[in-house]
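Remarks on the overall topology
Take a look at the letters that make up each chain.
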Amino acid sequence: FSSSSSSSLLLVVKDSIILNQQQKQKRGATMMMMMLNFTKLTAGTFCGHHHQTRSSSSSSTTTKLFVKSSSNNGNSNSSSNNNNGSKNNNNNSWATQTRGGRKTRFNGDIVQTPQEKKLNKLEGQRLSKALAALGVASRRGSETIIFDGRVKVNGTKVLEPQFKVNLDVDVIELDDKVVQGGVEYAGEHFYFLVNKPKGYVCSTKTGGILNNNNNGNNRGEKEETGTGGKKALDLLQTWTEQWKKGNPGKLPPRLFTVGRLDVQTTGMLLVTTDGKWSQRVAHPSSGVVKRYVITAPERVTSAQITKMRKGTEVDGAHVTPVLVEAVTGDGGPKNRVAVEVEDGRNREVRRIAESAGVEVKNLKRTRIGGLKMPSELPAGMFCSLKPHQVSYVLEKSLQQIGGKF
């Protein structure tokens, strides 16, 4: 070869090597971009699924304010239920925080793994608990029904409340009729906020002004009843009737109040079908603060407020309020005092006021935990709570200001 031909050949080889290196770098960069895009796409898919779950759970449990009647809650339940009542509980996928190193849902329940769910289903549940889930009665009321010999499981009479049943397999009859309905049929829990007026009692019983309530527990508790037997749960009758209309032949979910307000106290009252959440909110160990506003006939003095802050004896124990302050700055009457307590003992706020010589003309509860009473909700009316509003109740960081409704 001539020298010129050799030079040309060397240049071609050199250009080929450089081109191969550039192609390799380009392919490497392309692979890197593909991996990054895949990671973003995967993360976006998971986040999108999570937000979609939250959105669906909100729509399945939320309605606007109920006035005299509701137009969509009961019917939306019926349309979302299938024929055998096996509906997925969208609320159960709404994890919000952690407790003891494990995720919890919006109502405070610890998230169960698939293995734990399967194990619990195989173990079954007490017959009395199953009847309560089916909307028959409370657990204690269900025990009485069982003892009376009115319940059969798979055609056999059962007299033991602790008898284990699996509602996916076993057939339960009450008075020779198959029982269907309740939370078990609906597949979800329900949460409501009621603006309770005076004259209504937080009880399922009716009678005189004060009845001795023994119920076999030898505690002899006194149970207060409203004027003419009016119960706070009667205020949700429109929702119950619509649920029955949308689910013919099925027992409606059993509603009960979260804690109590005495017959003369007005304001915020929570009603639910979720027993675990109710117990968690009402028990003093949860540290859920309840805010009340006292309206007195005249302006309360600073000395009386100071004395109220020291607390008083209630049911044999000294109770001290979390906060006592005059209510100002909202343009309302100046004869109001706000009191916040954790214990929730019977007539605790009234007795704290009486110990300081403050006459209680009106008493209204305005906040439970981090959830405030919506100002637009009229007395005697109720609204359904969204999942995030349910979580506000147990959210301690919101207890001073309250979450947005």
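Chains are numbered independently. Their residues run from 1 in the order of the written sequence. Local features in this predicted model are restricted to residues whose pLDDT is 70 or higher, and side-chain atom pairs enter the listing and the counts only when it is 80 or higher, whereas totals over whole chains, interfaces and linings include all residues. Values reported for side chains reflect all heavy atoms of the structure, with hydrogen atoms and water molecules removed beforehand.

Observations regarding the overall build of the protein
Selection criterion: Secondary structure elements are defined from DSSP: runs of H or I of at least 4 residues count as helices, runs of E of at least 2 residues count as strands, and each element is numbered from the N terminus. Relative accessibility thresholds used throughout: buried, under 20% of the residue-type maximum; exposed, over 50%; partly exposed, between the two (1.4 Å probe, protein chains only). By the convention used here, residues are in contact when the closest approach between their heavy atoms is within 4.5 Å. Each accessible area is a Shrake-Rupley result for a 1.4 Å probe, and residues are judged covered by the shown protein chains and nothing else.
Within the protein one finds 11 helices and 21 strands. When the 405 residues of the protein are sorted by exposure, 41% land in the buried category. When contacts within the protein are restricted to residue pairs at least 6 apart in sequence, those whose partners lie at least 24 apart make up 66%. As presented, the protein carries roughly 22,800 Å² of accessible surface, and 52% of it is formed by carbon and sulfur atoms.

Brief notes about the packing of helix 8 (residues 275–282) against helix 11 (residues 387–394)
Test applied: Only C-alpha atoms enter the line fits that serve as axes; for helices the fit covers just the stretch in contact. Angles between N-to-C directions range over 0 to 180 degrees. Three classes are used, and their members are as follows: Ala, Val, Leu, Ile, Met, Phe, Trp, Tyr, Cys and Pro are nonpolar, Asp, Glu, Lys and Arg are charged, and the others, Gly among them, are polar.
In the contact formed by helix 8 and helix 11, the axes pass within 9 Å of each other and the chain directions differ by 35 degrees. Along the contact surface, helix 8 presents W277, R280 and V281, while helix 11 presents V390, V393 and L394. Class assignment of the residues belonging to the contact of helix 8 with helix 11 gives a composition of 5 nonpolar, no polar and 1 charged.

A look at the sheet that holds strand 4 (residues 151–153)
Basically, it comes down to this: In this analysis, strands are considered paired if DSSP registers two or more bridges between them.
As summarised here, the arrangement of the 4 strands in space is 5-4-7-8, forming an open sheet in which the pairing is antiparallel. Sheet topology places strand 5 (156–157) and strand 8 (177–178) at the edges, where each strand pairs with a single neighbour. Judged from the 3 bridges that link them, strand 4 and strand 7 (residues 172–174) form a sheet pairing that is antiparallel. Its bridge partner being in strand 7, K152 is matched across the sheet by E173.

Some details on the pattern of salt bridges
Pairs may arise between side chains of opposite charge once their charged atoms sit close together. Rule in force here: Definition used for salt bridges: Asp or Glu carboxyl oxygen within 4 Å of a side-chain nitrogen of Lys or Arg.
In this structure the tally under the stated criterion is 10 salt bridges. Note that D175 is salt-bridged to R150, the shortest N-O span being 2.8 Å. On the criterion of sequence distance, the pair formed by D175 in the loop between strand 7 and strand 8 and R150 in the loop between helix 5 (139–147) and strand 4 is long-range, its members being 25 residues apart. Note that E325 is salt-bridged to R291, the shortest N-O span being 3.3 Å. Placement of E325 in strand 17 (residues 323–326) and of R291 in strand 14 (residues 290–295) is noted, with a sequence separation of 34 residues between them. Overall, the relative accessible area of 30% leaves E325 in the partly exposed class. The buried category is assigned to R291, whose relative accessible area is 16%. A cluster of three or more residues bridged by salt bridges with shared partners is formed by R291, E325, E340 and R367.

Some details on helix 5
Formally: By definition, the arc is the one covered by directions from the helix axis to the C-beta atoms.
Of the positions making up helix 5, those classed as buried are S142, I145 and I146. Each buried residue of helix 5 sits inside an arc of 100 degrees when the element is viewed along its axis, so together they form one side. Of the surrounding secondary structure, the elements contacted by the buried residues of helix 5 are helix 4 (127–133), strand 4 and strand 7. Backbone geometry just downstream of helix 5 places G149 in the positive-phi region, at approximately 75 degrees.

Considerations on the packing of aromatic side chains
Operational definition: Here the aromatic set is Phe, Tyr and Trp, taking the six-membered ring for Trp, and pairing holds for ring centres within 6.5 Å; pairs whose planes are under 30 degrees apart are stacked, those over 60 apart are edge-to-face, and all others are tilted.
For the coordinates displayed, the defined rule picks out 5 aromatic pairs. Ring geometry for F192 and F382: centres 5.8 Å apart, planes at 85 degrees, overall edge-to-face. One end of the pair, F192, is in strand 9 (residues 191–196); the other, F382, is in strand 21 (residues 382–384), and 190 residues separate them in sequence. For F382, a relative accessible area of 1% gives the class buried.

Regarding the environment of G311
Turning to its location among the elements, G311 is positioned in the loop between helix 9 (302–309) and strand 15 (312–314). Separated by 42 residues in the primary sequence, G311 and A353 have C-alpha atoms spaced 8.9 Å apart. Other than its neighbours up to four places away in sequence, G311 contacts H318, V319, T320, P321 and S355.

Side note on the pairing of strand 18 (residues 336–341)
Judged by how many residues are buried, strand 18 sits mostly within the fold: 6 of 6 residues are covered. The alternating pattern of strand 18 places R336, A338 and E340 and V337, V339 and V341 on opposite faces, both of which are buried. Summarising the sheet, strand 14 and strand 18 pair through 6 bridges and their orientation is antiparallel. Bridge pairing in strand 18 links R291 to E340. Where strand 17 and strand 18 come together, 4 bridges link them in antiparallel fashion. By the bridge assignment, V324 is partnered in strand 18 with V339.

Digging into helix 9
Q304, I305 and M308 are the residues of helix 9 that are buried. End-on view of helix 9: buried residues confined to an arc of 100 degrees, all on one side of the axis. Counted as exposed and oriented over 90 degrees from the buried face of helix 9: S302 and A303. Considering only its buried residues, helix 9 is in contact with strand 14, strand 17, strand 18 and helix 10 (348–355). Just downstream of helix 9 lies G311, where phi reads positive at about 85 degrees.

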